[in-house]
Amino acid sequence: MNFKVKALVAGVVLGWSMSGMAAEPIKIGVSGPFTGGSAPMGVSMRDGVRLAVNEINAKGGVLGRKIELVERDDEAKNERGVQVAQELINKEHVVATVGYINTGVALASQRFYQQAKIPVMNNVATGSIVTKQFANQPENYIFRNSANDTIQSAMIVEEAIGRRGFKKPAILADSTNYGQLGREDLEKVLDKKGVKPVAVEKYNIGDVDMTAQLLRAKQAGADVVLTYGIGPELAQIANGMQKLGWKVPIVGSWTLAMANFIDNAGKNGDGTRMPQTFIQNPDTPKRKAFIDAYVKAYNPPGGRMPSAVSAAQGYDSVYLLAAAIQQAGSTEGPKIAAALENLKAPVEGVVATYNKPYTHTDHEAINFENTKFGEVRDGHVVLAK
């Protein structure tokens, strides 16, 4: 083989290897509970993420590369979330991760992304502290596109005390980080209104009988029940009230919209209200296309998403990340984070159209303007009136 042929062959091989490198997929991690009590949120989020990635890839991907999802079930357990984070960073070499349903898992796990300078998009976890965990550091890699508990607690109290005029709230919150941090936020907002809850009760994940807690709240004269919990236990509150023959309104955090509350509570859940960023209502062409695509792809029972908020926020989180990667022209963590903090073009999602959603000091994309109240009616969540 003469020199020219050798050079030609070498050039072809190099060209192949370089084109192979250029076409390498962009790996994005997905961490959430796909089993257990939080699974309706985790699976809905994951499925929303998959829809967005399929759409983006069908249009050529980002930077000429396809997105590849690396999905892991964190089982809503802090220690498992830590394992998943380390695996996604060190073994899978993801450029970013979306997910975190549970505030406790987020707080335990996202420190590894912070250390590795890899962005995390919290698309469901709402604990107020989540995006502030590393806010005192020069660069903060923790972002969010869900309604944090500062927003939700203010809305819950305004709805119950300000708008509807109840004066004796009882708080029932589960024992997780989410429940207890949410309870603290509720108490702070109530205190600002000069209202003290007549009962503050705690329950554990897996509890099936809330009689003792509900009796104390009833005997204290509660005229409204405010809830903060993450799983099907919420239905035991509504069902327990019915057993006691005690009918006062329930107003709580967004998780009251989950299918496992609505189905397990049945008619006892009717009238329950909760803040929502997204309601399964095709009121815009974008939302209709998303809902239709979700129902066609996953065929949920009765055509109802198990957790519509989780699905929508999961979907939007990918579009926000993709916009940042495209703008940065890079998959390097610091450049993606800098682009997220200064997104130049609006990003059309199904929750909202995000116009400069983040700054260097504010990593919250959701505010009061794109959060509304939902109400359970006949097995569905509808816009509250």
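Cut-offs and rules
Residues numbered from 1 in each chain as written. Predicted model: local features only at pLDDT ≥ 70, side-chain atom pairs only at ≥ 80, totals over all residues. Heavy atoms only, no water. UniProt positions renumbered as here; feature names shortened; annotations may be inferred. Helix = DSSP H or I, 4+ residues; strand = E, 2+ residues; numbered from the N terminus. Rg over C-alpha atoms; globule rule 2.2 N^0.38 Å. Contact = heavy atoms within 4.5 Å. Phe/Tyr/Trp six-rings, centres within 6.5 Å; stacked < 30°, edge-to-face > 60°. Buried < 20%, exposed > 50% of the residue type's maximum accessible area, 1.4 Å probe, protein only. Lys NZ or Arg CZ within 6 Å of the ring centre and 35° of its normal. Pairing = 2+ DSSP bridges. Axes fitted to C-alpha atoms, helices over the stretch in contact; angles between N-to-C directions. Salt bridge = Lys/Arg side-chain N within 4 Å of Asp/Glu carboxyl O. Polar contact = N/O pair within 3.5 Å; in protein donor to acceptor, adjacent residues only side chain to side chain. Parallel < 35°, antiparallel > 145°, perpendicular 65-115°, else oblique. Nonpolar A, V, L, I, M, F, W, Y, C, P; charged D, E, K, R; others polar.

Looking at an unreviewed UniProt entry, the chain carries the name ABC transporter substrate-binding protein, with the source organism given as Telluria antibiotica. Among the UniProt annotations of the chain, the heading Sequence similarities (unreviewed entry) holds the following wording: "Belongs to the leucine-binding protein family."

Engineer: Before we move on, can you summarise the overall build of the chain with the specific residues and values?
Structural biologist: Across its full length, the chain holds twelve helices and 14 strands. A compact globule built from 385 residues should have a C-alpha radius of gyration of about 21 Å, and the chain, at 23 Å, falls within 12% of that. C-alpha extents for the chain along the principal axes are approximately 95 × 45 × 35 Å. Sequence separation of 24 or more characterises 68% of the internal contacts of the chain that already satisfy a separation of 6 or more.

Engineer: Summarise the packing of aromatic side chains; cite the residues concerned and give the values.
Structural biologist: Tallied over the entire structure, the rule returns seven aromatic pairs. Aromatic side chains Tyr315 and Tyr319 sit 5.2 Å apart centroid to centroid with 50 degrees between the ring planes, which places their arrangement in the tilted category. In this pair, Tyr315 and Tyr319 both sit in helix α11 (residues 308-328), four residues apart, roughly one turn of the helix. Accessibility assignment for this pair places Tyr315 and Tyr319 in one class, buried. Taken together, the ring pairs connect Phe278, Phe290, Tyr294, Tyr298, Tyr315 and Tyr319 into an aromatic cluster. The positively charged end of Arg46 is found above the aromatic ring belonging to Phe34, 4.9 Å away from the centroid.

Engineer: Mind laying out the sheet that holds strand β2 (residues 67-73), listing which residues take part and the relevant values?
Structural biologist: Strand order in the open sheet made by the five strands is β2-β1-β3-β4-β5, with parallel pairing throughout. A single partner strand is all that each edge strand has here, and the edge strands are β2 and β5 (142-144). Sheet twist, expressed as the mean angle between neighbouring strand axes with direction ignored, is 25 degrees. Pairing analysis gives seven bridges linking strand β1 (residues 26-32) to β2, with the strands arranged parallel. Considered in β2, the bridge of Gly29 is made with Val70. Where helix α2 (residues 39-58) meets the sheet, its contacts fall on β1, β2 and β3 (96-99), and the angle it forms with β2 comes to roughly 170 degrees.

Engineer: Give me the pairing of strand β8 (residues 224-228): which residues, what numbers.
Structural biologist: Among the five residues of β8, five are classified as buried, and the element is accordingly described as predominantly covered. Because side chains alternate across β8, one face comprises the buried residues Val224, Leu226 and Tyr228, and the other comprises Val225 and Thr227, equally buried. Both strand β6 (residues 169-174) and β8 contribute to a ladder of five bridges, which runs parallel. When the bridges of β8 are listed, Ala173 appears paired with Tyr228. With three bridges joining them, β8 and strand β9 (residues 250-252) adopt parallel strand pairing. The residue bridging Leu226 from the neighbouring strand is Val251, located in β9.

Engineer: If you had to explain unusual backbone geometry to someone new, which residues and values would you point to?
Structural biologist: Despite not being glycine, Lys117 has its phi angle at roughly 60 degrees, a positive value. Tracing the sequence through the fold places Lys117 in the loop between α4 (103-116) and β4 (120-122). The phi dihedral of Asp378 is positive, around 50 degrees, even though this residue is not glycine. Looking at the element boundaries, Asp378 is found in the loop between β13 (372-377) and β14 (380-383). Under the relative-accessibility criterion, Asp378 is labelled exposed at 65%.

Engineer: Could you give me a rundown of the pattern of salt bridges, with the residues and numbers involved?
Structural biologist: Should their charged atoms come close, side chains of opposite charge can pair. Under the definition given, this model contains 21 salt bridges. The salt bridge involving Arg273 is made with Glu159; its shortest N-O contact spans 2.9 Å. Residue Arg273 is located in strand β10 (residues 273-276), and its partner Glu159 is located in helix α5 (residues 149-163); the two are separated by 114 residues in the primary sequence. Grouping residues by exposure puts Arg273 and Glu159 together as buried. Residues joined by salt bridges that share partners form a network here, namely Glu159, Arg163, Arg164, Arg273, Glu375 and Arg377.

Engineer: An account of α5 is requested, with residue identities and associated values reported.
Structural biologist: If you check which residues of α5 are buried, you get Asp149, Ile151, Gln152, Ser153, Met155, Ile156, Val157, Glu159, Ala160 and Ile161. Where the residues of α5 are buried, they touch β6, α6 (177-192), β8, β9, β10 and β13. Where α5 begins, one side-chain oxygen reaches toward the backbone nitrogen of Thr150, 2.9 Å away; that side chain belongs to Asn148.

Engineer: Before we move on, could you go through the packing of helix α10 (residues 285-298) against α11 and cite the residues and values that matter?
Structural biologist: Geometry of a packed helix pair, given as the angle between the helix axes and the separation of the axes. Relative to each other, α10 and α11 sit at 110 degrees, their axes nearing to 12 Å. Judged by the angle between their axes, α10 and α11 are roughly perpendicular. Of the residues in α11, those touching α10 at Lys286, Phe290 and Tyr294 are Ala311, Ala312 and Tyr315. A breakdown of the residues in the contact of α10 with α11 according to their chemical character gives five nonpolar, no polar and one charged.

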